[in-house]
Amino acid sequence: MNIVAPTGSAPVIAIDGPSASGKGTVAAKVAHALGFHYLDSGALYRAAAVASIESGTAADDEAALVSLVSGLTLRFEGDRILMNGRDVSDAIRTEEAGVRSSQVASVPGVRAALLGLQRSLRTAPGLVGDGRDMGTVVFPDARLKVYLTASAAVRAARRHKQLIEKGLSANLEGLLRDLESRDERDRSRAVAPLAAAPGARVIDSDHLSVAEVVDQVLAAYREVG
Ligand code: DC
């Protein structure tokens, strides 16, 4: 999967931002509203993480990780993700997979191995992709680039509420610490660090509902579309 695919011509809306900024929810709703495909790029890094945990491949063994990830067949089916034909949609959402995904995502060879697959999903009528480097690396020619952010305290509080609503136990301070350390790793890595792409619309959602953010993205797309 090291082949760099042509970037295609279908329009792309790139939505980047830190963990728990609501980009996944917003991106899926924007895609639905426009009838576009949706790429959850974090799910690919999480699947690579699950593969590395299951195979006992160390998170810093670049050669072994590249060979592992290059040998995976990753496919989206609706909102499910299949790894070598197996549904790993739940397995990728564990805390362990989240932490490992941030580690494997900082390995350049892993990012390169996942690039072709991401670009191949750019098909008509269009694609909404969310992640950390949609607008900077994967789709630098995206028609619209959005950087969706919120303060760490607000993001932690939102995640806390989600977990409590699911009946899971959650500790607000622990969540805040985890978010801050993951943000720090995603921002400070040498390759494709989390950053607003040049020309990106920065939306701070601290005081906005999901519907309001979706409306702002759709309005921005109408302006450039
Ligand atoms: O969005 P998420 O929490 O599912 O992403 C999981 C990890 O993958 C996150 O720590 C950063 C990394 N990631 C990345 O480096 N580049 C992307 N385009 C998407 C996710």
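Look a little higher up for the structure.
First, a word on scope: everything that follows refers to the structure included in this document. (Residues numbered from 1 in each chain as written. Predicted model: local features only at pLDDT ≥ 70, side-chain atom pairs only at ≥ 80, totals over all residues. Heavy atoms only, no water.)

**Topic: the site of the ligand**
Inference 1: Not every one of the 16 residues close to the ligand is listed here, only the nearest: Ser41, Arg46, Arg111, Asp133 and Arg189.
Inference 2: Arg132 is positioned with one of its side-chain polar atoms (N or O) 2.9 Å from an oxygen atom of the ligand.
Inference 3: One of the side-chain N or O atoms of Asp186 is found 3.3 Å from an oxygen atom in the ligand.
Inference 4: Protein burial of the ligand: of its 450 Å² of free accessible surface, 95% is covered by the chains. (Near = heavy atom within 4 Å. Polar contact = N/O pair within 3.5 Å; in protein donor to acceptor, adjacent residues only side chain to side chain. Areas by Shrake-Rupley, 256 points an atom, 1.4 Å probe, with all protein chains shown as cover.)

**A closer look at helix H8 (residues 172-188)**
Inference 1: Between its first and last C-alpha, H8 extends 24 Å over 17 residues, near the 24 Å set by a 1.5 Å rise per residue.
Inference 2: Every buried residue of H8 is listed here: Gly174, Leu175, Leu179, Arg182, Asp183 and Asp186. In an axial view of H8, the angular spread of the buried residues amounts to 165°, which keeps them on one side of the axis. Every exposed residue of H8 that faces more than 90 degrees away from the buried side is listed here: Glu173 and Arg177.
Inference 3: Buried-residue contacts for H8 involve helix H2 (41-55), helix H4 (95-104) and helix H7 (152-165).
Inference 4: Where H8 begins, one side-chain oxygen reaches toward the backbone nitrogen of Glu173, 3.2 Å away; that side chain belongs to Asn171. (Helix = DSSP H or I, 4+ residues; strand = E, 2+ residues; numbered from the N terminus. Expected span 1.5 Å × (residues − 1). Buried < 20%, exposed > 50% of the residue type's maximum accessible area, 1.4 Å probe, protein only. Arc of directions from axis to C-beta. Contact = heavy atoms within 4.5 Å.)

**Some remarks on the packing of H7 against H8**
Inference 1: Running from N to C, H7 and H8 point in directions that differ by 125°, and their axes come no closer than 9 Å. Considering their axes alone, H7 and H8 lie oblique with respect to each other. H7 and H8 meet at a crossing whose hand is right-handed. On H8, the residues touching Ala152, Ala153, Arg155, Ala156, Ala157, Arg159, His160 and Leu163 of H7 are Leu172, Leu175, Leu176, Leu179, Glu180 and Asp183.
Inference 2: Residue classes in the contact of H7 with H8 are distributed as nine nonpolar, one polar and four charged. (Axes fitted to C-alpha atoms, helices over the stretch in contact; angles between N-to-C directions. Parallel < 35°, antiparallel > 145°, perpendicular 65-115°, else oblique. Left-handed = near helix turned anticlockwise from the far one by under 90°. Nonpolar A, V, L, I, M, F, W, Y, C, P; charged D, E, K, R; others polar.)

**Quick notes on the pairing of strand E3 (residues 74-77)**
In regular strands, side chains alternate between the two faces of the sheet.
Inference 1: As paired strands, E3 and strand E4 (residues 80-83) are joined by four bridges and run antiparallel to one another. Paired with Arg75 across the two strands is Leu82, which belongs to E4. (Pairing = 2+ DSSP bridges.)

**With respect to the sheet that holds E4**
Inference 1: The sheet built from three strands is open, its strands ordered E3-E4-E5 with antiparallel pairing. The outermost strands of the open sheet, each flanked by one partner alone, are E3 and strand E5 (86-87).

In short, geometric facts, not functional conclusions.
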